[in-house]
Amino acid sequence: MPLLIQNRALDRITSTGELFDRHPHLKENARTFRSQPLVDVDPKCLLYVQQREFAATTPADKSVSVIGSGDATTCHFVVLRHTGSGAVCLAHCDGSCTWSEIPLIVKAVTSLSNVSKEGRLELHLAGGFNDESKTSHKLSLNILAFQKQKEEIHLETCCITEMNDIVVDGNHSPVVYGIGVNVNTGDVFPSSFTHKGPAEELRSARTFTGGQMADIYDSSRGLVKIGPCSWSPNLDIGFWLSQEDDTILKYLSTSPLAEPPHFVQHMKTTIQFLLEHPSSDSLFPGGQPQLYHRSERGDWERAA
């Protein structure tokens, strides 16, 4: 079934510019979206999704009231919600394997929506900017492959690529680097995050070593589940710890001039974690995932 915009099927497009020219209301919606004030999300209600991860839940969830993700430059955020059941999924896509990721996102929501006959699937997209290599533009077009799913999906928000672009001192960068979705209301909003756990370093290491898109949440039990994942020892990556910041940005980022200030330190911390854990086996005893539940204090703690 094609992707629907104002209840009409989206015809084939070859550029995001063509999309916005045909549907000017999406431009207005994007301007409104990116002009909203940043919401600093309380970690005690947050489920944070890192790059190449997704998570889905429903309003019945007592552990999570906001799903959020940040630090995206060329990456895109995808939020899919069923208006009847309230089931919602947020994914942080980097273009690694978009064609196989979209069905996972759709299934995550529809599998939590079986009891609801009323309502529809609504899609919200944000991220990317006018980067020189056109990485954002390519990813935008790939994500619009939602039009190839069998379900009817209604595109509501589309703050992507040129509509998420700002020029500062001659350099292009995103306006919105992070978003959140309120699980109870379905509201989607620009966000910032001080806490990106649990197991932030482990999850970053999984992505750094080539891990594919992963579902990190079991909403039926309120558990964040990480792994098991594997990587091979690679002591050569220690080379990066002695390099200048500009060198790390040049070679480890898709958009060196647009990265947030903490990017280099994040890369170094991830590399240090991999050097301290050359094999992932010890992190997953018995080949089992790491599980985290919401404690009485409101933080995520390792489940016994």
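Residues numbered from 1 in each chain as written. Predicted model: local features only at pLDDT ≥ 70, side-chain atom pairs only at ≥ 80, totals over all residues. Heavy atoms only, no water.

The name that an unreviewed UniProt entry assigns to the protein is Protein N-terminal asparagine amidohydrolase isoform X2, with the source organism given as Gymnodraco acuticeps.

**Some thoughts on helix α7 (residues 263–276)**
Two residues of an α-helix separated by three or four positions point the same way, owing to the 3.6 residues in each turn. Put simply, the rule reads: Runs of E in the DSSP output that reach at least two residues are strands. Runs of H or I that reach at least four are helices, and both are numbered from the N terminus. A helix's residues, less one, multiplied by 1.5 Å, set its expected span. Remark: exposure states derive from per-residue accessible area (1.4 Å probe, protein chains only) relative to the maximum for the residue type, with buried under 20%, exposed over 50%, and partly exposed in between. Contacts are assigned to residue pairs that have any heavy atoms within 4.5 Å of one another.
With 14 residues, α7 extends 20 Å between its outermost C-alpha atoms, agreeing within 8% with the 20 Å of an ideal straight helix rising 1.5 Å per residue. Here α7 has its buried residues at Phe263, Val264, Met267, Thr270, Ile271, Phe273 and Leu274. Among the structural elements, α5 (200–208) and α6 (245–252) are those in contact with the buried residues of α7.

**Some thoughts on the environment of Arg203**
Which entries qualify depends on this criterion: A 3.5 Å cut-off defines polar contacts: any pair of N or O atoms within that distance qualifies, except that in protein one atom must be a possible hydrogen donor and the other a possible acceptor, and neighbouring residues in sequence count only when both atoms are side-chain atoms.
Of note, Arg203 is situated in helix α5. For the pair Arg203 and Ile226, spaced 23 residues apart in sequence, the C-alpha to C-alpha distance is 7.2 Å. When near neighbours in sequence (up to four residues on either side) are disregarded, Arg203 contacts Tyr48, Val49, Gln50, Glu53, Lys196, Gly197, Pro198, Ile216 and Ile226. Looking at Arg203, its side chain comes within polar contact range of the main-chain oxygen of Pro198, at 2.8 Å.

**What about the sheet that holds strand β2 (residues 8–9)?**
Short version of the rule: Between any two strands, at least two bridges found by DSSP are needed for them to pair.
Spatially, the eight strands line up as an open sheet ordered β2-β1-β10-β9-β7-β8-β5-β15, and their pairing is mixed. Both edges of this open sheet fall to β2 and β15 (214–215), since each of them pairs with a single strand only. The pairing of strand β7 (residues 76–82) with strand β8 (residues 88–93) spans six bridges and is antiparallel. Within β8, the residue paired with His76 across the bridge is Cys93.

**Concerning the packing of α5 against α7**
Note the threshold: In this description, a line fitted to the C-alpha atoms serves as the axis of each element, helices being fitted only across the stretch in contact, and the angle between N-to-C directions of two axes falls anywhere from 0 to 180 degrees. Should an angle fall under 35 degrees it is taken as roughly parallel, and over 145 as roughly antiparallel, whereas 65 to 115 is taken as roughly perpendicular and any remaining angle as oblique. Lys, Arg, Asp and Glu make up the charged group, whereas Ala, Val, Leu, Ile, Met, Phe, Trp, Tyr, Cys and Pro make up the nonpolar group; the residues left over, Gly among them, are polar.
Following both chains from N to C, one finds α5 and α7 inclined at 90°, their axes separated by 9 Å at the closest point. For the element pair α5 / α7, the angle class is roughly perpendicular. Taking contact as the criterion, the partners of Glu200, Glu201, Leu202, Ser204, Ala205 and Phe208 in α5 are, on α7, His266, Met267, Thr269, Thr270, Ile271, Phe273 and Leu274. Per-class residue counts for the contact of α5 with α7 are seven nonpolar, four polar and two charged.

**Focus on the sheet that holds strand β13 (residues 179–182)**
Ordered by their spatial adjacency, five strands build an open sheet running β3-β14-β13-β6-β4, and the pairing between neighbours is mixed. In this open sheet, the two strands that pair with only one neighbour each are β3 (39–40) and β4 (46–48). The pairing of strand β6 (residues 66–69) with β13 spans four bridges and is antiparallel. What sits directly across from Ser69, in β13, is Ile179.

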